[in-house]
Amino acid sequence: MLAMGAAALAPPLLAATPPQDLEPLERALVLSGGGARGAYEAGVINALAAWGKIPDGSALAPYEIVCGTSIGALNGWFVATGQYSKLHDLWYGISGHDIMRAKPRYEDVRDPQSGLLNRAVSAVSLVGLTRNQRGLLQSEPVYDWIVANVDPNVPLVMPLVWATTNLQQQRPEYFYVRPANVGADLPQRVVAALKLTLGPHTVVREATPDILHRAIFASAAIPIAFDPVMMPDVDGNLNAYCDGGVASNSPVGIAHAVAHAADVVLLDPALDADEAYKNAVEIAFGVFGTMQRKILEVEMRNTYFQSIGKRALTGLTPAELGRTTRTMGITAQYMQSLPETSLRYIRPKDVLPVGVAGFNDEVGIGKTYRAGWEDTGTLGFSDYDWQTFQL
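Bear in mind the structure is a predicted one, so any value in this text is a computation, not a measurement.

Chemist: What's the story with the overall build of the protein chain in this structure? I'm lost.
Modeler: Helices and strands together make up the secondary structure of the protein chain, namely 15 helices and ten strands. The long-range fraction of contacts in the protein chain, counting pairs at least 24 apart against all pairs at least 6 apart in sequence, stands at 79%. When the accessible surface of the protein chain is summed, it comes to about 17,900 Å², and 57% of that surface belongs to carbon and sulfur atoms.

Right under this line is the structure:
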């Protein structure tokens, strides 16, 4: 099956093979999406910085690049800029900013003290989402918070790549930023490598200062919760963008494309299927979560088996490789061009004590942050194995 899939994809992809002098980076850090549960990632990051004695303004060794989606893209900014203390302070202070605000017409649905009649009227008005409303929550508080805390003038200490979804074009798009004095080949490396592993029409763009805040917010703009973010596409046309988790909530594919090894921070434990869905919105988010878990499984398994195939070919003698190439043709050429990436992951043992939208939950965020810190010390990163990994 793998050979058949590779054979079907190989001809257009081989043209995107990165130049041979562009060696993969050594290790990538992958930060998943998950809203307020991103406090767990912050705990992991700061534990790694503390135990590695890495000060603010320095790269988080041994990582050479950080890849993120949604809240992982935002956390990734502070890793890429070496702002570990600020990351800690922002998470412990975010509950005081009330960034998750319902639009006025939906306030009564959230407030259990508003009275049954008012809640019923607001619930009926939810139908307006199909006519003239595109999201339940106000975008301005979140966007303003990003603008206030993500300063494009802060020097980067490592590259950051993150995923968004272009709704107009119905495709994922990837943005990057990089330090001014290193990684000059990053655009070429990322574009060529992602086109090889994710497809020849993959769009990779620099997040220039004029679109940086919108590009980060777009990655976190959960469908139904937020209005899409309007932003120029690669051709300059105004397009609607939303959550990068639509295509890749844990962007393992990015790390696979550019690094020999990747450490993945997941925000959900293995699934405990006891959820009771009470309304259409909860069902929609349940469907979204199912899709994200499946994409994660596919990305991790693809990385795992492609790497096994690459290692197998690398271990052949020249004569054996020649026979394999003659027998397998374009499939062998494709497998030779693939990167080889070892995967590790860390994930919570139990469901985290804060909801995806729980940015106002000071207690839950604190417990979630501490869980990330403690798990880094007690669990650490586990080697990925497709036979034992559970969604």
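Once you've had a look at it, read on.
Chemist: Honestly, the packing of aromatic side chains in this entry has me stumped. Any pointers?
Modeler: Ring pairs (aromatic) are described by centroid distance and by the angle formed between their planes. This model, assessed by the stated rule, comprises twelve aromatic pairs. Note on Phe-217 and Phe-226: the rings are 5.7 Å apart at their centroids and 75° apart in plane angle, and the pair reads as edge-to-face. Each member of the pair, Phe-217 as well as Phe-226, is classed as buried. For the pair Tyr-304 and Tyr-384, a centre-to-centre distance of 5.5 Å together with 80° between the ring planes defines the contact as edge-to-face. Remark: Tyr-384 occurs in the segment after strand S10 (382-383) and Tyr-304 occurs in helix H12 (residues 280-314); sequence separation between them is 80 residues. These aromatic residues form a ring-pair network of at least three members: Tyr-304, Phe-305, Tyr-345, Tyr-384, Trp-386 and Phe-389.

Chemist: What is the right way to read the side chain of Asp-243 from this model?
Modeler: Relative to the elements of secondary structure, Asp-243 occurs in the loop between strand S7 (238-242) and helix H10 (245-248). Buried within the structure, Asp-243 lacks any salt-bridge partner; its nearest side chain of opposite charge belongs to Arg-37, at an N-O separation of 12 Å. Excluding anything up to four places from it in sequence, Asp-243 contacts Thr-69, Ser-70, Thr-165, Ala-218, Ser-219, Ala-221, Ile-222, Pro-223 and Phe-288.

Chemist: Would you mind showing me how to read a nonpolar patch on the surface here?
Modeler: A contiguous nonpolar surface patch, about 300 Å² in accessible area, is contributed by Tyr-277, Ile-283 and Val-287. Its location among the elements puts Val-287 in helix H12.

Chemist: Help me understand the pattern of salt bridges, please; the structure alone is not making it clear to me.
Modeler: Charged atoms that come close allow side chains of opposite charge to pair. Within the structure shown, the criterion is met by eight salt bridges. The closest approach of N and O atoms between Arg-37 and Asp-268, which form a salt bridge, is 3.1 Å. Of this pair, Arg-37 sits in the loop between strand S1 (25-31) and helix H2 (38-51) while Asp-268 sits in the loop between strand S8 (259-265) and H12, and the two are 231 residues apart along the sequence. A relative accessible area of 17% means that Arg-37 is categorised as buried. Judged by relative accessible area, Asp-268 falls into the partly exposed class, the value being 30%. Between Arg-344 and Asp-263 there is a salt bridge, with its nearest N and O atoms 2.8 Å apart. Of the two residues, Arg-344 is situated in strand S9 (residues 342-346) and Asp-263 in strand S8; the sequence distance between them amounts to 81 residues. A relative accessible area of 27% means that Arg-344 is categorised as partly exposed. One continuous salt-bridge network, built from bridges that share partners, spans Arg-27, Asp-263 and Arg-344.

Chemist: Which parts of the structure should I look at to understand the packing of H2 against helix H15 (residues 362-378)?
Modeler: When two helices pack together, their arrangement is given by the angle between their axes and by how far apart the axes lie. Direction vectors running N to C along H2 and H15 enclose 45°, while the axes themselves pass 7 Å from each other. If you check the angle between H2 and H15, you find them oblique. Where H2 crosses over H15, the two elements pack in a sense that is right-handed. Contact residues: H2 offers Ala-39, Tyr-40, Ala-42, Gly-43, Val-44, Asn-46, Ala-47, Leu-48, Ala-50 and Trp-51, while H15 offers Ile-365, Thr-368, Tyr-369, Ala-371, Gly-372, Trp-373, Asp-375, Thr-376 and Gly-377. Its residues placed into classes, the contact of H2 with H15 shows twelve nonpolar, six polar and one charged.

Chemist: Is there a simple way to explain the pairing of S1 in this structure?
Modeler: Side chains on a regular strand alternate between the two faces of the sheet. The buried fraction of S1 is high, at five of seven residues. Summarising the sheet, S1 and S8 pair through six bridges and their orientation is parallel. By the bridge assignment, Leu-25 is partnered in S8 with Ala-259. Pairing between S1 and strand S2 (residues 65-69): four bridges, direction parallel. Counterpart to Leu-31 in the pairing with S2 is Gly-68.

Chemist: What is the right way to look at the packing of helix H4 (residues 84-93) against H15 in this model?
Modeler: For the pair H4 and H15, interaxial distance at closest approach is 9 Å and the crossing angle is 145°. Contact residues: H4 offers His-88, Trp-91 and Tyr-92, while H15 offers Ile-365, Gly-366, Tyr-369 and Arg-370. Residue classes in the contact of H4 with H15 are distributed as four nonpolar, two polar and one charged.

Chemist: Just to check I follow, could you spell out the side chain of Asn-46 for this structure?
Modeler: Structurally, the position occupied by Asn-46 is in helix H2. Among all residues touching Asn-46, those that are not within four sequence positions of it are Tyr-84, Ser-85, Leu-87, His-88, Tyr-369 and Trp-373.

Chemist: What is the right way to read the pairing of S2 from this model?
Modeler: For S2, the tally of buried residues reaches five of five residues, placing the bulk of the element in the interior. What you see with S2 is no split at all: Ile-65, Cys-67 and Thr-69 on one side and Val-66 and Gly-68 on the other are buried throughout. With H2 bridging S1 and the parallel S2, this β-α-β connection has right-handed handedness. Across four bridges, the pairing between S2 and strand S3 (residues 160-166) is parallel. Within S3, the residue paired with Gly-68 across the bridge is Trp-162.

Parameters and conventions
- Residues numbered from 1 in each chain as written.
- Predicted model: local features only at pLDDT ≥ 70, side-chain atom pairs only at ≥ 80, totals over all residues.
- Heavy atoms only, no water.
- Helix = DSSP H or I, 4+ residues; strand = E, 2+ residues; numbered from the N terminus.
- Contact = heavy atoms within 4.5 Å.
- Areas by Shrake-Rupley, 256 points an atom, 1.4 Å probe, with all protein chains shown as cover.
- Phe/Tyr/Trp six-rings, centres within 6.5 Å; stacked < 30°, edge-to-face > 60°.
- Buried < 20%, exposed > 50% of the residue type's maximum accessible area, 1.4 Å probe, protein only.
- Lys, Arg positive; Asp, Glu negative; His and termini not counted.
- Salt bridge = Lys/Arg side-chain N within 4 Å of Asp/Glu carboxyl O.
- Patch = residues over 30% accessible without salt bridge, like charges linked within 9 Å, V, L, I, M, F, W, Y side chains within 5 Å.
- Axes fitted to C-alpha atoms, helices over the stretch in contact; angles between N-to-C directions.
- Parallel < 35°, antiparallel > 145°, perpendicular 65-115°, else oblique.
- Left-handed = near helix turned anticlockwise from the far one by under 90°.
- Nonpolar A, V, L, I, M, F, W, Y, C, P; charged D, E, K, R; others polar.
- Pairing = 2+ DSSP bridges.
- Right-handed = clockwise from strand over helix to strand, strands pointing away.

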